[in-house]
Amino acid sequence: MKRLAYLIVGASLIPLALSLLVSFTPSRFLELPGDEWTLQWYRQVLANPVWTRALLNSFVVAALTTLISVPTALAAAVGLSRGGWRRKPLWETALLAPLALPAVAIASGLLAVVRATPLWGSHLSLALAHSVIATPVAYLALRASLERVNPHLEAAARGLGASPRQAFRYVTLPLMAPGLIAATLFTVVVSLNEVILTLFLATRDTSTLPGVIWPNLRFAISPQVAAASGLLFLLSAPALAGAAWRLIGRR
Amino acid sequence: MTEARRYRWLTAPAAALWMLGVALPLLLILRLSVYSRGEISGARQFETLFYQPETWTLDNFVQVLTTPFYLNTLAFTIGLAVTSTVLTLVLGYVVAYAVYRSSPAGKVVLLVLVTLPKFTNILVFVYGLKMILGPSGFWPVVAAEVLMLLPYAVLTIAAALEAVPFSLVEAARGLGASAAQAFWKVTFPLSLPGTIAAATLAILWSLGAFLGPYLLGQPAQYTISVEIDRQMNHDLNWALAAALNVVLLGVMAICGYSLTSIRRRLA
């Protein structure tokens, strides 16, 4: 049974490994590199303004998405857990609903909304759209982290004369640091990797990396696309390492 | 209570984002679905490019529910979702069971490996799949869907299994049950609600399948979502795209509701 499980998991990682390996090929075609490995495709991607602009857009949009999503999710986590809500499960389900809705439905609705505003074609509109998906993800990380903080500590701070705001700022918030880091990493990963919202809402000037990889993936396939995908993986890797470290570090 | 009330204001930004990013788009889709189709040429082309303002009609729904092409697409979407969900559940259960029976270190290794693809771009993933599977078709699409869903299924089912005390299985074995009997009479029924939760997630997400069918499928494997993208971004028939969205959301609501009520009855 265990062997079968490792077989399934191993098989699910093959596509990832292959696409990364191909980005180092010396060949002009999609072939695995033999004895010779090269970074020429990465150099080409980084020298091409189409790709570098997409890379820059990815950074800008991911940063804006984080600035919107993490504070929003933090406030929502505190507000929902302490607001004394009678129908808390209902509100929580509503908050998490974007995770269950099909991305194409959200994207086409948002396209109609954004086209009617001056935000159309701005990085901010893309970041707001990414935030719709990223906020519930950040909320899940922050809710778990808030639940782990001992409420007596904040009560003690209040008893010693701290205002509610001070008690939260100097006691609870520092204790939530791991959750805040996780929420930030998840948000960045969601934004960097979001394909469908980007396809629907990005214009030529605001498109992030997945939006530029997309047409290449369907039509002209060259190892350049593999290298661009590899860069995207490299950007997400710190988040992955962080998550793994957290999982292992908790033991 | 007054202090609790004050905390409620903290949910205001999330509520605002929700109204703007979830409620408003869904309401707009509902309204768009009952507009008539816009004129793509002629004098009024630019005011009515995506739909005819101030019209009310059910034509789009009639078109979706009577044209064989859309009915076939809908049937294919549902078939693909069911196939992917069943395969995901079987494979996910095997992996989740291995997580359940592993040592603490083994659990971490397996869970990290399972979630690894989720931290990479789906395009990187599909790109690799394309290289292995070669020509597009039905099974490459199913493979893509299953691989996208697998991490969530494993995490959900593993969480359900972790809640089953192994001492119950040992008790069953001690009372003379074989390993298989103990699994089917004790472990499996207790993990069933979690497994149905995983099934709900899997079917909802695979009903919305877009990237797999679009990138790894022939036109015969195009789903409702692919058709929505085509109507929205290429044919610029936003009204029809919205009607397709409403039909898709309706199918999802039915599936989600029935699976949730089954799970409630079991739990």
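So, here's what we can say about the structure. All of these numbers come straight from a predicted model, not from anything done at the bench.

We now examine the overall build of chain B. Per the secondary structure count, chain B includes 12 helices and 0 strands. Walking chain B from its N terminus toward its C terminus, one meets helices and strands in the order α-α-α-α-α-α-α-α-α-α-α-α. For 267 residues, the compact-globule formula gives about 18 Å, and the C-alpha radius of gyration of chain B, at 23 Å, lies well above that figure. Expressed along its principal axes, the backbone C-alpha trace of chain B runs to roughly 80 × 65 × 35 Å. Expressed as a percentage of contacts within chain B between residues at least 6 apart in sequence, the contacts between residues at least 24 apart total 70%. When the accessible surface of chain B is totalled, it reaches about 12200 Å², and 69% of it is carbon and sulfur. Averaging the locations of the 16 positively and 11 negatively charged side chains of chain B gives two centres separated by 14 Å.

Within the secondary structure, Thr-187 of chain A sits in helix α9 (residues 177–193). Here Thr-187 of chain A is in contact with Thr-65, Thr-66, Ser-69, Val-70, Ala-134 and Ala-138 of chain A, once residues within four sequence places are set aside.

Residue and element names in this part refer to chain B. Examined against the element boundaries, Val-142 turns out to sit in helix α7 (residues 138–162). Judged by relative accessible area, Val-142 falls into the buried class, the value being 2%. Put simply, Val-142 and Leu-216 are 74 residues apart on the chain and 9.3 Å apart in space, counted from C-alpha to C-alpha. Discounting chain neighbours no more than four positions away, the residues touching Val-142 are Leu-80, Thr-83, Ser-84 and Leu-87.

Okay, the interface of chain A and chain B next. Tallying the contact residues gives 78 residues for chain A and 72 residues for chain B. Summing both partners gives a buried area of about 6500 Å² for chain A against chain B, and 80% of it is carried by carbon and sulfur. Our count for the chain A to chain B interface comes out at 0 salt bridges. Our count for the contact surface shared by chain A and chain B stands at 7 residue pairs in polar contact (both at pLDDT 80 or more). A total of 14 residues in the side of chain A that touches chain B trace back to one element, the largest contributor, which is helix α1 (residues 2–22) of chain A. Split by residue class, the side of chain A that touches chain B holds 57 nonpolar, 14 polar and 7 charged.

This part covers the environment of Glu-92 of chain A. Residue and element names in this part refer to chain A. Within the secondary structure layout, Glu-92 lies in helix α4 (residues 88–96). Put simply, Glu-92 and Leu-13 are 79 residues apart on the chain and 33 Å apart in space, counted from C-alpha to C-alpha. Ignoring anything within four residues of it in the chain, the contact list for Glu-92 reads Tyr-139 and Arg-143.

Further remarks concern helix α2 (residues 12–32) of chain B. Given a rise of 1.5 Å per residue, 21 residues ought to cover 30 Å, and the 28 Å separating the end C-alpha atoms of α2 of chain B matches this to within 8%. Helix geometry: α2 of chain B is bent most strongly at Met-19 of chain B, by close to 35 degrees. Turning to α2 of chain B, the residues buried within the fold contact α3 (49–82), α4, α5 (103–115) and α6 (123–148) of chain A together with α3 (59–66) and α12 (238–266) of chain B.

All names here are of chain B. Within this structure, the stated rule accounts for 6 salt bridges over all chains. In this structure, Lys-107 and Glu-162 form a salt bridge, with 3.0 Å as the shortest nitrogen-oxygen distance. Linking Lys-107 in helix α5 (residues 104–115) with Glu-162 in helix α7, this pair joins segments that are 55 residues apart in sequence. Note on Lys-107: relative accessible area 15%, which makes it buried. Judged by its relative accessible area of 40%, Glu-162 is partly exposed. Arg-230 is the salt-bridge partner of Glu-227, the closest N and O atoms lying 2.9 Å from each other. Residue Glu-227 and its partner Arg-230 are located together in helix α11 (residues 224–233), separated by 3 residues, close to a single helical turn. By relative accessible area, which is 3% here, Glu-227 ends up buried. One continuous salt-bridge network, built from bridges that share partners, spans Glu-227, Arg-230 and Asp-235.

This part takes up the packing of helix α4 (residues 68–101) of chain B against helix α9 (residues 179–207) of chain B. All names here are of chain B. Between α4 and α9, the shortest axis-to-axis distance is 9 Å and the interhelical angle comes to 140 degrees. On the basis of their axis angle, the class for α4 and α9 is oblique. Crossing hand, α4 versus α9: right-handed. Across the interface between the two elements, Thr-77, Ile-78, Ala-81, Val-82, Ser-84, Thr-85, Leu-89, Tyr-93, Tyr-97 and Tyr-100 from α4 touch Phe-183, Thr-187, Phe-188, Ser-191, Thr-195, Ala-198, Ala-199, Ala-202, Ile-203, Ser-206 and Leu-207 from α9. By residue class, the composition of the contact of α4 with α9 is 14 nonpolar, 7 polar and no charged.

Rules used in this analysis
- Along each chain, residues carry numbers from 1 onward, in the same order as the chain's sequence is written.
- Chains and ligands are labelled sequentially in the order written, the chains with letters from A and the ligands with numbers from 1.
- Side-chain atom pairs in this predicted model are given and counted only at pLDDT of 80 or more, local residue features only at pLDDT of at least 70, and totals for whole chains, interfaces and linings cover all residues.
- The basis for every side-chain value is the complete set of heavy atoms in the structure, and neither hydrogens nor water enter the calculation.
- Labels follow the DSSP assignment, with helices taken as runs of H or I lasting at least four residues and strands as runs of E lasting at least two, numbered in each case from the N terminus.
- Every radius of gyration here is taken over C-alpha atoms, with the globule rule written as 2.2 Å times N^0.38, N being the number of residues.
- The contact rule is simple, with two residues in contact once any of their heavy atoms fall within 4.5 Å.
- Note on areas: Shrake-Rupley with a 1.4 Å probe; residue coverage comes only from the protein chains shown.
- The positive count covers Lys and Arg only, the negative count covers Asp and Glu only, and His and the chain ends enter neither.
- A charged residue contributes its charge at one atom only: NZ of Lys, CZ of Arg, CG of Asp or CD of Glu.
- Any residue under 20% of the maximum accessible area for its type is buried, any over 50% is exposed, and the rest in between are partly exposed; the area is computed with a 1.4 Å probe on protein chains only.
- Note on definitions: buried area is the accessible-area loss of two parts on being combined, 1.4 Å probe, summed for both.
- By definition here, a salt bridge exists when the distance from a side-chain nitrogen of Lys or Arg to a carboxyl oxygen of Asp or Glu is within 4 Å.
- Under this definition, polar contacts are N or O atom pairs within 3.5 Å; protein pairs additionally need one hydrogen-donor-capable and one acceptor-capable atom, and for neighbouring residues in sequence, both atoms have to be side-chain atoms.
- Charged residues are taken to be Asp, Glu, Lys and Arg, nonpolar residues to be Ala, Val, Leu, Ile, Met, Phe, Trp, Tyr, Cys and Pro, and polar residues to be all remaining types, Gly included.
- In this analysis, the expected span of each helix is defined as 1.5 Å times one less than the number of residues it contains.
- Fitting axes to the seven residues that end at a residue and to the seven that start at it, the angle between those axes gives the bend at that residue.
- Between N-to-C directions, angles span 0 to 180 degrees; the directions come from axes that are lines fitted to C-alpha atoms, helices contributing only their stretch in contact.
- Each angle is binned into one of four classes, with values under 35 degrees roughly parallel, values over 145 roughly antiparallel, values of 65 to 115 roughly perpendicular, and all other values oblique.
- Each crossing is labelled by how the near helix is turned from the far one, with a counterclockwise turn of less than a right angle marking it left-handed and a clockwise turn marking it right-handed.

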